[in-house]
Amino acid sequence: MNDMNQSKARKLLAVFAHPDDETFICGGTLAKYAAEGVEITLVSATRGEMGRRMGNPPYLNRETIAAAREKELQAACDSLGIGRLMFLDIRDKTVEFIDEESLTARIENLIQDIAPDVVLTFHEKLGGHPDHCSIGKATTAAYHRARCKGALYFISFGDRMEHPEPYGYAPEDILKIDVSDHLESKLAAFRAHRCQSEIDEWVWLPDSEALDRFGKVEYFINGDASAPILNSGDLFQPAGSRPVMAGVNH
Amino acid sequence: MVNIDRMQVEAELRKFVGAAAFIHSEATSYVFVRNFKVEVTDAFIAGDGEGPYRAALRFDGHGWLRMEGLTHYELDPAGRLLLAGFDDRGRMDVALHLGKEPFPE
């Protein structure tokens, strides 16, 4: 247990775009911190209702998929230990067209209410999907505006941040979270997202074989240049490492 | 959804002819249109054997909507006709939905 906030639970706020982002990208990390007693709130901008995958063979259609994905995400949250799930009720694939100011304000209000120690979102340029980049941009702006006392990190696909230089980052900007003890939870969450993961045969292999497919480490990019990383193995940095006015716009 | 039965779908499509309908249409990886309201003049489905099928609507006296690659259909509990095209691994390629009321935004 980290030595900060011993008297009250640490809090993590994750703001992503689609059901399954939390599991497929950083499910091991969320499971790890949930197991340590961190209170996790997951915000999904959409219900992923415009996705292509509908099970294999398909068991959903465009009109039934939203409710099904909400249910599957809730089950994934249960597997990972995420206590609170919220939606922004934006239609999938339209996040970049939503009024940016009001979206940022909604997230800022959430940050004010929750007062998280850690905020996770997408990098606004490296997100890989327009919805990802847009929710990342709005969340980053909201984090700064709220003068959040916590830290901001961008989630990252696979092990690409093992070598961050091509993306404009240095190794000291990168956190590596060891998730090797939490891969069972991650696999359960993958399987909970059945309509998305059914097409990937490896997910449904016997557990030991499926677990072998996961990396042992998940990578995060420091999203707040005013707060250097002191412990690259923990999202929750040592007490006293944060500047007094962390989060001021720069 | 079940595999398209051309005769069945043709009969269901005909029920939308001569009245206003709300349309959801998509080529999943590229475009979707939700809730455009048209007066359906004609409705067609074509293709033989096991499909996939082509469907077309004429609307408002001068409009066309044509789509191919349709494989599955469903008349849902709300009375909406849902047509879709899936690939061999369950991924949606196209969809065409017709309803008398707007689809949820």
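Residues numbered from 1 in each chain as written. Chains lettered and ligands numbered in written order. Predicted model: local features only at pLDDT ≥ 70, side-chain atom pairs only at ≥ 80, totals over all residues.

1. Considerations on the overall build of chain A
Logical step 1: If you tally the helices and strands in chain A, you get 7 helices and 7 strands.
Logical step 2: Its helices and strands taken in sequence order, chain A reads β-α-β-α-β-α-β-α-β-β-α-α-α-β from the N to the C terminus.
Logical step 3: Counting only C-alpha atoms, chain A reaches 55 × 40 × 40 Å along its principal axes.
Logical step 4: With 250 residues in all, chain A has 50% of them scored as buried.
Logical step 5: Intrachain contacts of chain A at a sequence separation of at least 6 include 78% that bridge at least 24 residues. (Helix = DSSP H or I, 4+ residues; strand = E, 2+ residues; numbered from the N terminus. Buried ≥ 20, exposed ≤ 12 C-beta atoms within 10 Å, placed from the backbone. Contact = placed C-beta atoms within 7 Å.)

2. Focus: the overall build of chain B
Logical step 1: When helices and strands are tallied, chain B shows 1 helix and 8 strands.
Logical step 2: Starting at the N terminus, the α and β elements of chain B follow one another as β-α-β-β-β-β-β-β-β.
Logical step 3: Its C-alpha atoms give chain B a radius of gyration of 13 Å, near enough to 13 Å, the size a compact globule of 105 residues would have.
Logical step 4: Expressed as lengths along the three principal axes of its C-alpha atoms, the size of chain B is roughly 35 × 30 × 30 Å.
Logical step 5: Counting all 105 residues of chain B, 31% fall into the buried class.
Logical step 6: For chain B, long-range pairs separated by at least 24 residues make up 45% of all intrachain contacts whose partners lie at least 6 apart in sequence. (Rg over C-alpha atoms; globule rule 2.2 N^0.38 Å.)

3. Things to note about the packing of helix α1 (residues 21-35) of chain A against helix α5 (residues 183-192) of chain A
All names here are of chain A.
Logical step 1: Look at α1 against α5: their axes get within 8 Å of each other, and the N-to-C directions meet at 140 degrees. With respect to their mutual orientation, α1 and α5 come out oblique. In this structure, the crossing between α1 and α5 has a hand that is right-handed. Of α5, the residues touching α1 (which contributes Thr23, Gly27, Gly28 and Ala31) are Leu183, Ser185, Lys186, Ala189 and Phe190.
Logical step 2: Residue composition of the contact of α1 with α5, by class: 4 nonpolar, 4 polar and 1 charged. (Axes fitted to C-alpha atoms, helices over the stretch in contact; angles between N-to-C directions. Parallel < 35°, antiparallel > 145°, perpendicular 65-115°, else oblique. Left-handed = near helix turned anticlockwise from the far one by under 90°. Nonpolar A, V, L, I, M, F, W, Y, C, P; charged D, E, K, R; others polar.)

4. Observations concerning the interface of chain B and chain A
Logical step 1: In this assembly, 17 residues from chain B lie in contact with 12 residues from chain A.
Logical step 2: Only β7 (81-86) and β8 (92-99) of chain B provide two or more residues apiece to the side of chain B that touches chain A.
Logical step 3: Residues of the side of chain B that touches chain A, tallied by class, amount to 8 nonpolar, 5 polar and 4 charged.

5. So, the sheet that holds strand β1 (residues 2-3) of chain B
Residue and element names in this part refer to chain B.
Logical step 1: The antiparallel open sheet is built from 8 strands, whose spatial order is β1-β6-β7-β8-β2-β3-β4-β5. Two strands bound the open sheet, and with one partner strand each, they are β1 and β5 (63-70).
Logical step 2: Examined bridge by bridge, strand β2 (residues 20-27) and β8 share 6 bridges and lie antiparallel to one another. Among the inter-strand pairings, isoleucine 23 is bridged to a residue of β8, identified as leucine 98. (Pairing = 2+ DSSP bridges.)

6. A look at the pairing of β2(B)
Residue and element names in this part refer to chain B.
Logical step 1: Two strands pair when backbone bridges link them, and β2 and strand β3 (residues 31-46) are joined in this way by 8 bridges, in the antiparallel orientation. Each bridged residue has a counterpart across the sheet, and for phenylalanine 22 the counterpart in β3 is lysine 37.
Logical step 2: Linking two consecutive strands that pair antiparallel, namely β2 and β3, is a turn of 3 residues.

7. What about the sheet that holds strand β6 (residues 174-178) of chain A?
Residue and element names in this part refer to chain A.
Logical step 1: Strand order in the open sheet formed by 7 strands is β3-β2-β1-β4-β5-β7-β6, with mixed pairing between adjacent strands. Bordering the open sheet on either side are β3 (84-87) and β6, each of which pairs with just one other strand. Along the sheet, successive strands turn relative to each other by an average axial angle of 25 degrees, direction set aside.
Logical step 2: Taken together, the 3 bridges between strand β1 (residues 11-16) and strand β4 (residues 118-121) define a ladder with parallel strand orientation. The residue bridging leucine 12 from the neighbouring strand is valine 118, located in β4.
Logical step 3: Sheet contacts for helix α3 (residues 100-114): β1, β2 (39-44) and β4; angle to β1, the most-contacted strand, approximately 165 degrees.

8. Concerning the confidence of the model for chain B
Logical step 1: Of the residues in chain B, 100% reach a pLDDT of 70 or more, and the chain-wide mean stands at 96.
Logical step 2: Scoring of the predicted complex yields 0.92 for pTM and 0.92 for ipTM. (pLDDT = per-residue confidence, 0-100.)

9. Notes on the nonpolar core
Logical step 1: Counting residues in each nonpolar core, the largest one holds 59 residues, and the members touching the most others are A:Ala14, A:Leu30, A:Ile40, A:Ile111, A:Tyr153, A:Phe220 and A:Leu235.
Logical step 2: In this view, A:Ile40 contacts A:Leu12, A:Ala14, A:Leu30, A:Tyr33, A:Ala34, A:Ile82 and A:Gly83; residues no more than four positions away in its chain are not counted.
Logical step 3: Membership of the second largest hydrophobic core comes to 29 residues, among which are A:Met54, B:Ala55, B:Leu70 and B:Val94. (Core = buried A, V, L, I, M, F, W, Y, C linked by C-beta atoms within 7 Å.)

10. Points about the pairing of β5(B)
Logical step 1: One ladder, built from 6 bridges, connects strand β4 (residues 53-59) of chain B with β5(B); its direction is antiparallel. Bridging from a neighbouring strand, B:Arg58 pairs with B:Trp64 of β5(B).

11. Side note on unusual backbone geometry
What is expected of a backbone is that most residues other than glycine have negative phi and most peptide bonds are trans.
Logical step 1: Cis geometry marks the peptide bond from A:Asn56 to A:Pro57; its omega dihedral reads 5 degrees.
Logical step 2: Locating A:Pro57 in the fold gives a position in the loop between β2 and α2 (65-80).
Logical step 3: The omega torsion across B:Gly51 and B:Pro52 is 0 degrees, close enough to zero to call that bond cis.
Logical step 4: When you line up the elements, B:Pro52 lands in the loop between β3 and β4.

12. With respect to α5(A)
Residues and elements named next belong to chain A.
Logical step 1: Counting buried residues along α5, 7 of its 10 residues qualify, which places the element largely inside the surrounding structure.
Logical step 2: Of all the positions in α5, only Leu183, Ser185, Lys186, Leu187, Ala189, Phe190 and Ala192 are classed as buried.
Logical step 3: The inward-facing, buried residues of α5 contact α1, α2, α6 (194-197) and α7 (207-211).

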